[in-house]
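# Tertiary structure, described
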Amino acid sequence: MITVLRLGHRPARDKRVTTHVALTARAFGADAVLVSTRDPGLERSIRGVVRRFGGTFRIETGVAWRRILNEWQGTKVHLTMYGERLEKVLPRIAREDLLIVVGAEKVPRELFDLVDWNVAVGNQPHSEVAALAIFLDRLLGPAALGREFAGPLRIRPSPRGKDVVESGT
Ligand code: SAM
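Residues numbered from 1 in each chain as written. Predicted model: local features only at pLDDT ≥ 70, side-chain atom pairs only at ≥ 80, totals over all residues. Heavy atoms only, no water.

## Some thoughts on the nonpolar core
Counting residues in hydrophobic clusters, the biggest one holds 30 residues, and the most contacted among them are Val 4, Ile 93, Ile 100, Val 119 and Phe 135. The leading source of residues in this core is helix 6 (residues 128-140), at 5 residues. With sequence-adjacent residues up to four places away left out, Ile 100 is seen in contact with Ile 2, Thr 3, Val 4, Leu 5, Val 77, Leu 79, Leu 132, Phe 135 and Leu 136. Among the nonpolar cores identified, the runner-up in size contains 13 residues, and Leu 5, Val 63, Leu 99 and Val 101 belong to it. (Core = buried A, V, L, I, M, F, W, Y, C linked by side-chain atoms within 4.5 Å. Buried < 20%, exposed > 50% of the residue type's maximum accessible area, 1.4 Å probe, protein only. Helix = DSSP H or I, 4+ residues; strand = E, 2+ residues; numbered from the N terminus. Contact = heavy atoms within 4.5 Å.)

Right, dumping it as structure tokens:
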């Protein structure tokens, strides 16, 4: 079970990036995303994708992130450019019930002490979407991207154009 915790979401400014965090989490093999700020519109849009494209991915917004971190029973990883190198620590990260934390702007300093691992996907600043995608891909391997979601809409890979099959048609 892999859960992504998105901190610092500001509905007016971060809607697009947080949507991308959630969609990337789902597409790259996570099971759920938790967002620190309540945002019903974001929930609706992600649930709409799950309804159309399938799978059991869950979203919850407005979560008490400190409580979640304090009570989490599995492994907690914070993705941050200040952390240890991914290549060095990945083999040592226990994978049972994994919580992966990504920020928006500056994250609270206490977060660094609330997790088991502070992990850098390269030590340069970039994006929570890129960091999450690379981390999940390295963690789960290429097979995770190829798995079936079995939803009403299925994309048939095509060299040109859009080939979308709707079940029942
Ligand atoms: N200056 C901010 C800070 O102090 O963390 C950077 C914010 S960055 C736009 C948003 C999020 O992207 C960060 O909270 C972190 O989760 C992720 N991120 C950015 N660069 C990263 C890197 N090199 N490795 C891992 N995560 C990164």
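Don't stop here, the text continues.
## Some words on the site of the ligand
As a structural note, the neighbourhood of the ligand is formed by 17 residues, with Leu 79, Ala 104, Val 121, Gly 122 and Gln 124 the closest of them. Interatomic distance of 3.1 Å between a backbone N/O atom of His 126 and a nitrogen atom of the ligand. Contact with the protein chains removes 84% of the 560 Å² of surface that the ligand exposes when unbound. The cavity that encloses the ligand is the largest pocket. In terms of residues, the shell around the ligand owes the most to one element, strand 4 (residues 75-85), which gives 4 residues. Considering only residue class, the shell around the ligand consists of 10 nonpolar, 6 polar and 1 charged. (Near = heavy atom within 4 Å. Polar contact = N/O pair within 3.5 Å; in protein donor to acceptor, adjacent residues only side chain to side chain. Areas by Shrake-Rupley, 256 points an atom, 1.4 Å probe, with all protein chains shown as cover. 1 Å grid on protein atoms, 1.4 Å probe; cavity = no way out; pocket = protein on both sides within 12 Å on 5 of 7 lines; lining within 4 Å. Sits in = over half its atoms within 2 Å of the grid points. Nonpolar A, V, L, I, M, F, W, Y, C, P; charged D, E, K, R; others polar.)

## Notes on the packing of helix 1 (residues 11-27) against helix 6
Packing of helix 1 against helix 6 brings their axes to within 9 Å, and their N-to-C directions diverge by 5 degrees. Taken together, helix 1 and helix 6 sit at an angle that is classed as roughly parallel. Contact residues: Val 17, His 20, Val 21, Thr 24 and Ala 25 in helix 1; Glu 128, Val 129, Leu 132, Ala 133 and Leu 136 in helix 6. (Axes fitted to C-alpha atoms, helices over the stretch in contact; angles between N-to-C directions. Parallel < 35°, antiparallel > 145°, perpendicular 65-115°, else oblique.)

## Some details on the pairing of strand 6 (residues 117-120)
Of the two faces of strand 6, the one lined by Trp 117 and Val 119 and the one lined by Asn 118 and Ala 120 are each fully buried. Bridge count between strand 4 and strand 6: 5 bridges; the pairing is parallel. Directly across from Val 77, in strand 6, lies its bridge partner Trp 117. (Pairing = 2+ DSSP bridges.)

## A short note on the sheet that holds strand 4
Spatial strand order, 3-2-1-5-4-6: 6 strands in an open sheet with parallel pairing. The sheet terminates laterally at strand 3 (58-61) and strand 6, the two strands that pair on one side only. Adjacent strand axes in the sheet meet at a mean angle of 25 degrees when their direction is disregarded. Packing against the sheet, helix 6 makes contact with strand 1 (2-6), strand 4, strand 5 (98-102) and strand 6, and its axis sits at approximately 155 degrees to strand 5.

## Digging into the packing of aromatic side chains
For the coordinates displayed, the defined rule picks out 0 aromatic pairs. Across the ring face of Phe 149, the terminal group of Arg 26 is positioned such that the distance to the ring centre comes to 4.2 Å. (Phe/Tyr/Trp six-rings, centres within 6.5 Å; stacked < 30°, edge-to-face > 60°. Lys NZ or Arg CZ within 6 Å of the ring centre and 35° of its normal.)

## Comments concerning the packing of helix 1 against helix 2 (residues 40-53)
One way to put it is that helix 1 packs onto helix 2 with a least axis distance of 10 Å and a crossing angle of 35 degrees. Crossing of helix 1 over helix 2 shows right-handed handedness. Packed against helix 1, whose contacting residues are Lys 15, Thr 18, Thr 19, Ala 22, Leu 23 and Arg 26, the element helix 2 presents Gly 41, Leu 42, Ser 45, Ile 46, Val 49, Val 50 and Phe 53 at the interface. Residue classes in the contact of helix 1 with helix 2 are distributed as 7 nonpolar, 4 polar and 2 charged. (Left-handed = near helix turned anticlockwise from the far one by under 90°.)

## Looking at helix 6
For helix 6, spanning 13 residues, the distance from its first C-alpha to its last is 18 Å, which sits close to the expected 18 Å at 1.5 Å a residue. Residues Glu 128, Ala 131, Leu 132, Ala 133, Phe 135, Leu 136 and Leu 139 constitute the buried set of helix 6. Turning to helix 6, the residues buried within the fold contact strand 1, helix 1, strand 4, helix 4 (86-89), strand 5 and strand 6. Where helix 6 begins, the side chain of Ser 127 points an oxygen toward the backbone nitrogen of Val 129, at a separation of 2.9 Å. Following helix 6 by one or two positions, Gly 141 has its phi on the positive side, about 80 degrees. (Expected span 1.5 Å × (residues − 1).)

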